Amino acid sequence: MMRLEPRTDPSNIMIGLTPILAVLATMIFGGLLFVFLGKNPFDAIRMIFWDPLLGEHAFYYRGQILVKAAPLIMIALGLSFGFRAGIWNIGAEGQFIMGAVIGGATGLALYPMDSFIVFPLMILMGSIGGLLWGLIPAYLKIKFNANEILVSLMLVYVAFNFLVGMVTGPLRNPDGFNFPESRSFQDFPSAHNPELWSGTGIHWGVLVTLGIVIMAYIAITRHIFGFNVRLAGQAPRAAKFAGVNPNKMIAICLGLSGALAGMAGLFELTGPAGKLTTTFPVGYGFTAIIVAFLGRLHPIGILFAGLLLAVTYVGGDIIQSQLSLPKASIQVFQGMLLFFLLAVDVLVNFKIRIGKRITK
Amino acid sequence: MDISVVSLIASLIVAATPILLAATGELIVEKSGVLNLGVEGMMIMGAICGFIAAVNSGSPFVGFCIAAISGAILSLLFAILTQYLLANQVASGLALTLFGLGLAALLGHSYSGIKPPSSPKFEWFGMSDISIIGPIIFNHDLMVYFSVFLVLIVWIFLKFTRAGLILRAVGENHDAAHALGYKVIRIRVLAIMFGGACAGLGGAYLSLIRVPQWTEGMTAGAGWIALAIVVFASWKPWRLILGAYLFGGVTILQLNLQANGFAIPVSYLSMAPYLVTIVVLVIMSADRTRASVNAPASLGKIFHASS
Amino acid sequence: MTLIRLDNLTKAYPGVIANDDISFEVDKGEIHALLGENGAGKSTLVKMIYGLVQPDFGMMRLEGKGFTPTEPRTARLAGIAMVFQHFSLFEALSVTENIALGMENPPSLIILSDKIRKVSSKYGLSLDPKRLVGDLSVGERQRVEIIRCLLQDPKLLIMDEPTSVLTPQEVETLFLTLRRLRDEGTSILYISHKLEEIKVLCERATILRRGKVIGTCVPKNETAKSMAEMMVGSKLKSPKKSKANFGMPVLEVDELTLKSLDPFGTSLKNVSFNLRSGEVMGVAGVAGNGQDELMFALSGETLTDKNSIKLENEFIGQSNPVQRRLLGLLTAPEERLGHAAAPEMTLAENTLLTGFQRQKLGRRGFLNKSGAIAFAEKIVQKFDVRTPSVRNGAKSLSGGNLQKFVIGREILQSPRVFVVNQPTWGVDAAAAAFIRQALLELAEGGAGVLVISQDLDELMEISDSFMVLSEGKVSKPRPAKGITIEEIGLMMGGTEIA
């Protein structure tokens, strides 16, 4: 019989090993899924994990990886603080949208002003948009004890409808033949977030993301804020005893993750997306949840997890075009990854024993 | 404005039924002390599996059965993760939703634009001809009555049966229940699977009756709203009906306003159900003492019998 | 005649042999004490009898027949009933529902309510079957457990530390009930570490130490001291108390009123007292009478009216825990794991909980990790905390060691006022003596020490003055000298003693 036996201290080996185990398990079961779909599993796995990095056309894909990884990492970093503290913001997608809409509207209001101040102002306003959107569930939780999971999620749908209202209304491109989309930021140099070095995919958002990884790393490992976040998540009563104000923690964690998601939205809008449309949100806010967990809520882990998930996104595009598989198959793949991660996680805090207990 | 109150009420019942089904299942899950945030994922799996089964068999009944089974199977994954592998319930529920949404989209890839076999109205021996009451109460398909019947059963189960008492005890204090010799994990796994089956039925109701066709992401947050309605109901079965019908009313009202070319743009009207859900959640949670008395005390906590 | 006989029962957990070759028997109609320190293996042993845990080795015989319960159900059907130390009750359910859950084939709830009324009046244990358990006092909750057992006409009733939560008067009532049951032929296995009680109640006692049977004795023929020495295995020093020398009041609580946040908690009503420098003040009372709320109000986890708490010259009712620590008010809550310390964090990290500001274990918000390690090592050394390293998790320590760590962490920060709740709860005798000595020395050094405890013997041993917390109100403090247990019992019941 198999039993779980608690470890006295969490296993450091397993903390590092479990994400790798999860990826391997996902490859195996994902492969089975492709067999089920009537495709060669080895081709599919190769296209997802290998081709984007080292395949024949990798020079093109590599840039795409950074473009997709940056928002995932930036959002996941924000979420990771809240997740550690037991504050569940799952509405990052909505904050991402609001950041893009508010920051984008700021820029569009200034169109066609030619000033270096426009883009930084848009970043600021985008972050504030996400921040405020994230503070709604925080306020409702602090003041009325409303569950932040449900509120933040509901606000995704509200934000999406707001976006639709904006691109069909006030923000619609006046020169755009009534299409439901905004002016393109590529035609607005002061507000454009261009690829800085051609072919690399690096835009301002990628650089800012790297900076935030480092700051988050310092905060979580060296600063009392990170310590309090961990404490609040592991032992809420002990955190209160230590003097951590739970309400402040809720506001900071939701506000921070909202601001980062909003900033990511703004970079995405002004760079890779180019303009506000109803198809602007592609689910980065949800995939970032997977990134956060896969990275073990640790900034460096999130960096790698974000890159990995970006690879699967690009790989997903490849299998979509080459094996004519639906786009959703990569979503299944990513969901599976989170499942397996949660499943093997048990090894960090428990040992598996087979057979009867040791007797003397 | 041309909005008939009678048809409005009749259609709000239809709009509320998928959520009522899913919320009833989740109520049992939460009463056992487990928070399964994967309702959305299980609903959409029920929607597509039920749809596929109904289209291929030509029978909505088969569709609903398969939907319930598929919801239960998906929930079993959650049960294994949280009950045997002691994974965090919030994260596992999210995983279930993300996975379910993806898998459903994959399965339903070639099923968009098809019409499912229609479900007949339940025959009330001519009572549907009674004015006002007839169209409101006696002119629905069987699942509408089943969903209300299910609430009744759940109420009886929780209030009057020993099994229901044990379920509540497990949700209240799993350590004490374990000390008395109850199989906490087994009871919870069963509750989770019941919740999955109900969510699957709710999803199938969307794709087979309410819409009726398959579109990707068609649940559009219905699973999350079902979770909110459980809070709204303060974990009391009868109040689920009130919550679900209130939500159904808002949905139908805003759809009617849209159809009648009301002065507010469609996109803002579409926010209404979600905003109402938030408002309702706030109102019901504001009284902390009452909220904490009604909520199962072990909700969301991990159980491991260490000795 | 023997009712149950245990032969060579052995049970090992990873790293520890909880029960090692245990053999003894309980006669019919006997109250048999199972005596031992915390961690001696009493709980594991009774869990095996109750079917919650299966032995690795050895056997049991009930009325001469082999008895191997694999789950509580089988044990209950065989006539074993158990009252748990941490009650196995459900707060949001009614008394009747709670009792039904502990029975094999309960009648309908209406008939059961009737039976509960009958049994409760027969044994003088008054109880309303309709009430929610969450609304009951601790003593009443225990009655629920006892009645649950009695309704099954048990042959053997196991009671795990039943008196630790009762007032002296409630203990008397309990003993009457137990003697009556014994006279009716029920055997009782009575687990306790309270020696005086065992002397008056039990016919025989089996003593466990570190998982082994040390011996069986007749408590009437022993002294409390001789049994204690068998239990602990060495001679115990009681803490030395030097002559008290009180200074100015350091903590003044004035008309403190606070609504409990817990729906089943007790609100504080007009609590007033002064604690002087150099004084150890004991706060007695049964759990659930406002201890947690008082602790929260003093630690700053719940804020109160600004003027209701005064620390030396500052009104601190609105100050948060960090501000209070900086001013010199340190606290140690009852629950070690999860409240006073974070289970998953290392000992070094756990110093940061209360030491970050006052002990300056960081600068401008950045952690000084080597400082934390050094401080943790100092605690480990000065308070004799047994751990391989300060990098081990708090949850890996035994109860006694972790408690020494928690108390040491606060005392080494030289508090002006130290408030501690249940300082030696669930701690082995040696560690308890060590902690009490440390509290006395702290007071000698000029700090005010407030000890909230349910252990009257402990309070009598270390307190200079004494008050009772009952239903959220405190009695007038009075000098501890000359006070008797009976008087305290009356105070707990709400009677004011002039």
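What comes next is a walk through the structure. Here the structure is a predicted model, which means the values were calculated and not measured.

## What to know about the nonpolar core
Thinking step 1. Judged by nonpolar contacts, the single largest core of 385 residues is most densely connected at Ile75(A), Val291(A), Ile19(B), Ile229(B) and Ile158(C).
Thinking step 2. With 16 residues, the top contributor of residues to this core is helix α9 (residues 184-210) of chain B.
Thinking step 3. Composition of this core by domain shows at least three residues from each of domain 1 (2-232) and domain 2 (249-492) of chain C.
Thinking step 4. Excluding anything up to four places from it in sequence, Ile19(B) contacts Gly202(B), Ala222(B), Ile225(B), Ala226(B), Ile229(B), Ala244(B) and Phe247(B).

## Details of the sheet that holds strand β2 (residues 16-27) of chain C
Residues and elements named next belong to chain C.
Thinking step 1. Taking strand neighbours across the sheet as the criterion, the four strands line up as β2-β1-β4-β5 in an open arrangement whose pairing is antiparallel. Edge positions in the sheet fall to β2 and β5 (65-66), since each of these pairs with one other strand and no more.
Thinking step 2. When strand β4 (residues 57-62) meets β5, the two strands line up antiparallel, connected through two bridges. Across the sheet, the residue bridging to Arg61 is Gly66, located in β5.

## With respect to the environment of Leu98(B)
Thinking step 1. Relative to the helices and strands, Leu98(B) resides in helix α4 (residues 89-107).
Thinking step 2. With 58 residues separating them along the chain, Leu98(B) and Glu40(B) place their C-alpha atoms 8.8 Å apart.
Thinking step 3. In contact with Leu98(B), other than residues within four places in its own chain, are Phe286(A), Ile290(A), Gln334(A), Gly335(A) and Leu338(A).

## Describing the sheet that holds strand β15 (residues 314-315) of chain C
Residues and elements named next belong to chain C.
Thinking step 1. Read from one edge of the open sheet, four strands run β12-β11-β14-β15, paired in antiparallel fashion. Unpaired on one side and paired on the other, β12 (268-276) and β15 mark the two borders of the sheet.
Thinking step 2. As paired elements, strand β11 (residues 249-258) and strand β14 (residues 309-311) share three bridges and run antiparallel to each other. Each residue of the ladder has a partner; that of Leu251, found in β14, is Leu311.

## Thoughts on the pairing of strand β13 (residues 280-284) of chain C
Residue and element names in this part refer to chain C.
Thinking step 1. Burial analysis of β13 places five of its five residues in the buried class, which makes it a mostly covered element.
Thinking step 2. Side chains Val280, Gly282 and Ala284 project from β13 onto one buried face, and the interleaved Met281 and Val283 project onto a second face that is buried too.
Thinking step 3. Bridge analysis of β13 against strand β20 (residues 448-452) gives four bridges, and the strand direction is parallel. By the bridge assignment for β20, Val283 is matched with Ile452.
Thinking step 4. Two elements, β13 and strand β21 (residues 465-470), share four bridges in a ladder whose sense is parallel.

About the cut-offs
Residues numbered from 1 in each chain as written. Chains lettered and ligands numbered in written order. Predicted model: local features only at pLDDT ≥ 70, side-chain atom pairs only at ≥ 80, totals over all residues. Core = buried A, V, L, I, M, F, W, Y, C linked by C-beta atoms within 7 Å. Buried ≥ 20, exposed ≤ 12 C-beta atoms within 10 Å, placed from the backbone. Helix = DSSP H or I, 4+ residues; strand = E, 2+ residues; numbered from the N terminus. Domains from an automatic or database assignment. Contact = placed C-beta atoms within 7 Å. Pairing = 2+ DSSP bridges.

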